[in-house]
Amino acid sequence: STMSRERADSQGSLGPDDEVMPYSDDETDDELDPGSDEERPQVEEAKKSGWRVKANDRAFCNLPEFQKKYFLCLKRSKYAGNGIKTYKYNALTFIPLNLFEQFKRAANLYFLALLILQIIPEITTLPWYTTLVPLVLVLGITAIKDLVDDLVSDSDLLLADILLLSSSNPISLCYVETAELDGETNLKFKMGPKVTDERLQEEDQLAQFDVCEEPNNRLDKFTGTMRWRKDRFPLDLDNMMLRGCRIRNTDECHGLVIFAGADTKIMRNGGKTRFKRTKIDELMNYMVYTIFVILVLLCAGLAIGNTFWYEEVGSKAWYLYDGKDQTASYRGFLSFWGYIIVLNTMVPISLYVSVEVIRLGQSKFINWDLQMYYQEKDTPAKARTTTLNEQLGQIEYIFSDKTGTLTQNIMAFKKCTIAGHTFGKTHLLHPGLTHTPVDFTWNKYADRKFEYLDHSLVACIRSKKDKDTLEFFKLLSLCHTVMVEQKEDELVYQAASPDEGALVTAARNFGFVFLSRTQDTITISEMDQEMTYEVLALLDFNSDRKRMSIILRFPDGRIRLYCKGADTVIYERLSPNSKHKEVTQTALDIFANETLRTLCLCYKDISKQEFDAWAKKHKAASVAMGNREAALDRVYEQIESNLMMIGATAIEDKLQDGVPETIAKLAKADIKIWVLTGDKKETAENIGYSCKLLTDDMQIHYGEDNEILYEKKKKRRRLRLKRLGKRPAAATPQDAAQPIDDWEKETRQVDFVNMACECEAVICCRVTPKQKANVVSLVKKYKKAVTLSIGDGANDVNMIKTADIGVGISGQEGMQAVMSSDYAFAQFRYLERLLLVHGRWSYIRMCKFLRFFFFKNFAFTLVHFWYSFFSGFSAQVAYEDWFITLYNVMYSSLPVLLVGLLDQDVNDKLSRKFPKLYLPGQQGALFNYKNFFISLFHGIFTSLVIFFIPYGAFLQTMGQNGEAPSDYQSLAVVMASSLIFTVNMQISLETSYWTFVNCFAVLCSIAIYFGIMFDIHSAGIHVIFPSTFTFTGVASNALRQPYLWLTIILTVGITLLPVICIQFLYKTIWPSVGDNVQRNRKKYEMEEEEEEKSTPFQRGRRSRRSAYAFSHSRGYADLIASGRSIRRRPATARPNPRDSIREIPQAENI
């Protein structure tokens, strides 16, 4: 049973603002104001923030201090109730709200205004249904899509953020599944505080106590203090079960509701997200505005023409008198609005819906692509957005994480250096010899999957003569935050990172086996001898500290601190008396050159007096509400000093399959690849060579070189200022290190980007998650380039969100990167297919669709313009009303839509074989203002021919039966028929990839046109609706005359002939790369088939490896400190085998 209480809206609380602080581990500069600290004071005094919770005391929340005004003098509780609204519409509000949303779009509002104009009798030139039918179709399709998106289903999720007090499991352990929060399906541990677990197991024991915490949107943090029985206890995220979790394998748990309703963390994450738009989207909008300006200018010109015509001709012709006493200027004014209605089809109403349909189809093709399906993990590629597909064909820069993205993030313990002696011979040293792996059968706890080649290390350990070696592995078995479970007589480790799991597993195989832990103790087996150590403190890892420590009391009473961490932070804290510094540093450099991930190990003996004094400071920091993490870090810093070096570990992380080939292929497509990693420089450089990002013929420039160049530039600037007679700013001692002002900072940024972008490849080492995002922002800002970020862990979320396109790899690091991404798949090598095949095809298809869509609308609409010169500029339409209504909807839409969905210039294999085919997308060559105006002039030419050829043919003509076919209605039919043939044959010329569907669509569009036209022109429908269908018998009369068919053939021929000639000349004289590939397509396809048949079997080659070790995520220290034992009862084993993977990593390494 869960204790709950009343809440109300909490907009007045002092928590972090969701708009300012979106969900991620770090914020980029544009997301978080530098002045706002993410660790804001979290309510030490009730008066300061007013956020307090009290169990079993509902009246407490209704005290005056917790009331706030909401209307005039009326007040209500500031705490939110548990009711929330996760849907946008209901049965009553769907139609009005959805229409309101849709009419925010300028195009829809424009057509609504047109519809209103068409209702005004003095202005209307077209019946209202010519606009209403397309508008209703567009609004209807969009409304259905919005309704489907809004549908939600009920589930068995937790409905509030709850502090876990106790549960039916041992030590108040509770298992939760957080897939709804972070996408991760493996079970997580949550524990009630030790004090409540011991004393609050039954409902009637739930005493009064209060908790302080501000509501915020940080899913990864919770800071609170529990005051109970005159003592204070720290609370953190490991004690909290958040709304959206599912409780698993737990019969019963008790808790206190901390946040309810709109105050819950998951609801606070419902703020605005960064909306990504493609370059084509922006261009398309500008072009629609351009069309609108052209439309207004045309209408203004025709209105002026109508004014002059009426003065010169209309007013003097008795047969044109309409009985209205209107001036020529007023008639011109009415004519302007009349032409706005007539020429409205220049602004394409169905454009946006068609684009959405095409993008949806392209996204489905990505999802359905079996060549991007990873069978080992049953993971298909997933387009998580439908709005960015064509931008995949325009990428100029790729920013990649390394660990887990370029590498497998599956760690193997390979080498170590202990007290100056290096262990770990590999087969590379003696490639001709066959090395036998070490036999671990002497160790009953050994992991059978663990392989090691250096027999001397095992011999050294088993001899028990070298104390340093024993201490080394004892440290590995004790200093960690790994959780252990006993499953079917086997130990199963759950580690916060793959590195942690690899090190503890290595220690296990070498005889130092981590068996179990409680809040106060940790038990290991030291060479078959079980030992229990008292845990006095656990100093957990974070990305700033880059180290973790544990303080233990040995069975003999000694107090010792064990520490492991990155070499950069460990060497700063070593004692001057520490041995093996230089020799260990040499070994670290050798490991880095072999691209192994390194970690330093050290220890420190502490006196009881020193520890007691430090423990008081640690207790105070652990319950601090203001910036608790910083307070703890300062206390940790005091004890982690004067350390003694033991040695270092080296872990191997293999490259993923196909990474070098993918990088080489993308580089040939002129895509620049930047790797952003936390590795040291030497490791980063070696991984660059191993994945073919760097090659031997490249000249490598280092950051120090850039600093020298920058200083030279700055001196040249100062000299230039002196020549101009201006005094440069006085240099301060820290001038070289820190920018003086914003101008200096921006100058440095521009210089950095310019120098880096001149390079073929860039590797940024030792970068933090925030710096990753900043690098992406700089390139976007100063190069105006289309960027793509790819990563697999929580620390890549900012980078993924900042880039134009974010790609998440669903690897070993959970699902946070995938949840924040636009596209997701399981292996880096699939990026090549995503860009060179799907991206390029999507870009080509969208460009071709837009060019043709604009053309067909210009060709259709501008016929009215030419006709106006012969109709006294009277806004008379050139076609029948129903043809205007159905042209864009039924007669010309399907073929061009299918080109946008299915067209491809060359197949997928040739797209990857010739990466240079990708270049037009980067240059934006297939759709720009030049292409737009070509489409405009093509439309003008086509409309000229479609009007003037029939006009000339009808002028002074006699039919074969002696009747003149030169009536207006027959002319309209001939022009409409010519237009339909021209448009559908033109799209046939543009189609590169023919399928049955394309062929059917072209023939079907022409057939539908004639079928509907004959129906609309029939006598039967005229009898029913005499005023609506006025072209009675025109089609059957006109189209039975061969003369008019000859006119249609001539018109279509003259419109298509120049296009065919120009295309032929371009492809013959100035062929593009794509044209050449198309011309030799058959030859290349045969070569591909022969290569596939003749490819010999290749033995697996050893890849160069990757780098620096340690997780950029907190471990399980806080969780461990809040329970007595995590051994499960034998009767309650996990039901799902997928939930008990031997090592389940959950955090990311840069």
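Computed from a predicted model, the values in this text were never measured in an experiment.

Reading across the sheet, the seven strands line up as β14-β31-β30-β29-β15-β27-β28 and stay open at both edges, with mixed pairing between neighbours. The open sheet has two edge strands with one neighbour each: β14 (382-383) and β28 (761-764). As defined by bridge partners, strand β29 (residues 787-791) adjoins strand β30 (residues 805-809) across four bridges and the pair is classed as parallel. Paired with L788 across the strands is I805, a residue of β30. The sheet strands contacting helix α25 (residues 830-868) are β15 (397-400), β29, β30 and β31 (823-825), and the helix crosses β31 at an angle near 140°.

A word on the packing of aromatic side chains. This structure, assessed with the given rule, holds 57 aromatic pairs. Each ring, one from Y397 and one from W674, has its centre 6.1 Å from the other, and the planes form 85°; the classification is edge-to-face. Remark: W674 occurs in strand β27 (residues 672-676) and Y397 occurs in strand β15; sequence separation between them is 277 residues. Judged by its relative accessible area of 6%, Y397 falls in the buried class. Counting every residue linked through ring pairs, the aromatic cluster contains F865, W866, Y867, F869, F870, F873, F947, F948, Y951, Y968 and F1031. Geometry around Y493 places R508 over its ring, the cationic atom sitting 5.1 Å from the centre. Positioned over the ring face of F853 is K856, at 4.5 Å from the centre of the ring.

Attention now goes to the UniProt feature "transmembrane region" (unreviewed entry) in the chain. Taking the numbering used here, the UniProt-annotated feature "transmembrane region" (unreviewed entry) corresponds to residues 286-310, 330-355, 849-870, 882-902, 932-956, 968-987, 994-1013 and 1043-1066. Secondary structure over residues 882-902 splits into 95% helix and 0% strand, and the C-alpha atoms at its two ends are 30 Å apart. In residues 1043-1066, helix accounts for 100% and strand for 0%; the two terminal C-alpha atoms are 35 Å from one another.

For the coordinates displayed, the defined rule picks out 28 salt bridges. A salt bridge links R359 to D281, with the nearest nitrogen and oxygen atoms 3.1 Å apart. Residue R359 is located in helix α10 (residues 351-367), and its partner D281 is located in helix α8 (residues 279-312); the two are separated by 78 residues in the primary sequence. Just as R359 is buried, D281 falls in that class too. Two residues, E356 and R359, come together in a salt bridge whose shortest N-O distance is 3.9 Å. Linking E356 with R359, this pair stays in helix α10, spanning three residues, or about one helical turn. Judged by its relative accessible area of 29%, E356 falls in the partly exposed class.

Once that is clear, we can look at the nonpolar core. One finds L351, F849, L850, F854, Y879, F883 and L979 to be the most contacted residues of the largest nonpolar core, which totals 102 residues. If sequence neighbours within four positions are ignored, L351 has contacts with M284, V288, F849, L850, F853 and F854. If you look at the next biggest cluster of nonpolar residues, it comprises 51 residues, including C479, L491, L538 and L552.

Our next topic: helix α9 (residues 328-342). Between its first and last C-alpha atoms α9 spans 20 Å; for 15 residues at 1.5 Å apiece the expected length is 21 Å, and the two agree. Most of α9 sits out of view: 11 of its 15 residues are buried. Buried within α9 are the following residues: A328, R331, G332, L334, S335, F336, G338, Y339, I340, I341 and V342. Contacts made by the buried residues of α9 are with α3 (106-119), α8 and α25.

With that settled, the discussion passes to helix α32 (residues 996-1016). Taking 1.5 Å per residue, 21 residues should reach 30 Å; α32 reaches 29 Å between its end C-alpha atoms and fits that length. For α32, the complete set of buried residues consists of N998, A1001, V1002, S1005, I1006, Y1009, F1010, M1013 and I1016. All buried residues of α32 project into a common sector of 155° when viewed along the axis, lining one side. More than 90 degrees from the buried face of α32, the exposed residues found are F996, L1003 and D1015. Contacts made by the buried residues of α32 are with α26 (881-891), α27 (893-902), α31 (968-990), α33 (1019-1024), α34 (1034-1038) and α35 (1042-1069).

What follows covers the side chain of D903. Following the sequence through the fold, D903 ends up in the loop between α27 and α28 (908-913). You can call D903 buried: its relative accessible area is 1%. There is a polar contact of 2.9 Å between the side chain of D903 and the backbone nitrogen of S992. For D903, the residues in contact, after removing those within four places along its chain, are R845, K848, L898, E990, T991, S992 and Y993.

What follows is about a nonpolar patch on the surface. Residues I1062, F1064, L1065, Y1066, I1069 and W1070 make up a contiguous nonpolar surface patch of roughly 690 Å² in combined accessible area. Relative to the helices and strands, L1065 is located in helix α35. When its relative accessible area of 41% is taken as the criterion, L1065 is described as partly exposed.

Phi is positive for D670, which is not a glycine, with a value near 60°. Topologically, D670 is positioned in the loop between α18 (659-668) and β27. With relative accessibility at 42%, the residue D670 sits in the partly exposed group. Its identity is not glycine, yet F873 carries a phi of approximately 50°, on the positive side. Structurally, the position occupied by F873 is in the loop between α25 and α26. For F873, a relative accessible area of 14% corresponds to the buried category.

The next subject is the environment of N239. Considering the arrangement of structural elements, one finds N239 in the loop between β10 (231-235) and β11 (240-241). Judged by its relative accessible area of 3%, N239 falls in the buried class. For the pair N239 and M191, spaced 48 residues apart in sequence, the C-alpha to C-alpha distance is 5.4 Å.

What follows covers the packing of α25 against α27. Orientation of α25 relative to α27, taken along the N-to-C sense of each, is 165°, at an axis distance of 7 Å. For the element pair α25 / α27, the angle class is roughly antiparallel. The two elements α25 and α27 cross, and the hand of that crossing is right-handed. Residues R845, K848, F849, F852 and K856 of α25 touch α27, and the partners they reach there are V896, L897, V899, G900, L901 and L902.

Rules used throughout
Residues numbered from 1 in each chain as written. Predicted model: local features only at pLDDT ≥ 70, side-chain atom pairs only at ≥ 80, totals over all residues. Heavy atoms only, no water. Pairing = 2+ DSSP bridges. Helix = DSSP H or I, 4+ residues; strand = E, 2+ residues; numbered from the N terminus. Contact = heavy atoms within 4.5 Å. Axes fitted to C-alpha atoms, helices over the stretch in contact; angles between N-to-C directions. Phe/Tyr/Trp six-rings, centres within 6.5 Å; stacked < 30°, edge-to-face > 60°. Buried < 20%, exposed > 50% of the residue type's maximum accessible area, 1.4 Å probe, protein only. Lys NZ or Arg CZ within 6 Å of the ring centre and 35° of its normal. UniProt positions renumbered as here; feature names shortened; annotations may be inferred. Salt bridge = Lys/Arg side-chain N within 4 Å of Asp/Glu carboxyl O. Core = buried A, V, L, I, M, F, W, Y, C linked by side-chain atoms within 4.5 Å. Expected span 1.5 Å × (residues − 1). Arc of directions from axis to C-beta. Polar contact = N/O pair within 3.5 Å; in protein donor to acceptor, adjacent residues only side chain to side chain. Patch = residues over 30% accessible without salt bridge, like charges linked within 9 Å, V, L, I, M, F, W, Y side chains within 5 Å. Areas by Shrake-Rupley, 256 points an atom, 1.4 Å probe, with all protein chains shown as cover. Parallel < 35°, antiparallel > 145°, perpendicular 65-115°, else oblique. Left-handed = near helix turned anticlockwise from the far one by under 90°.

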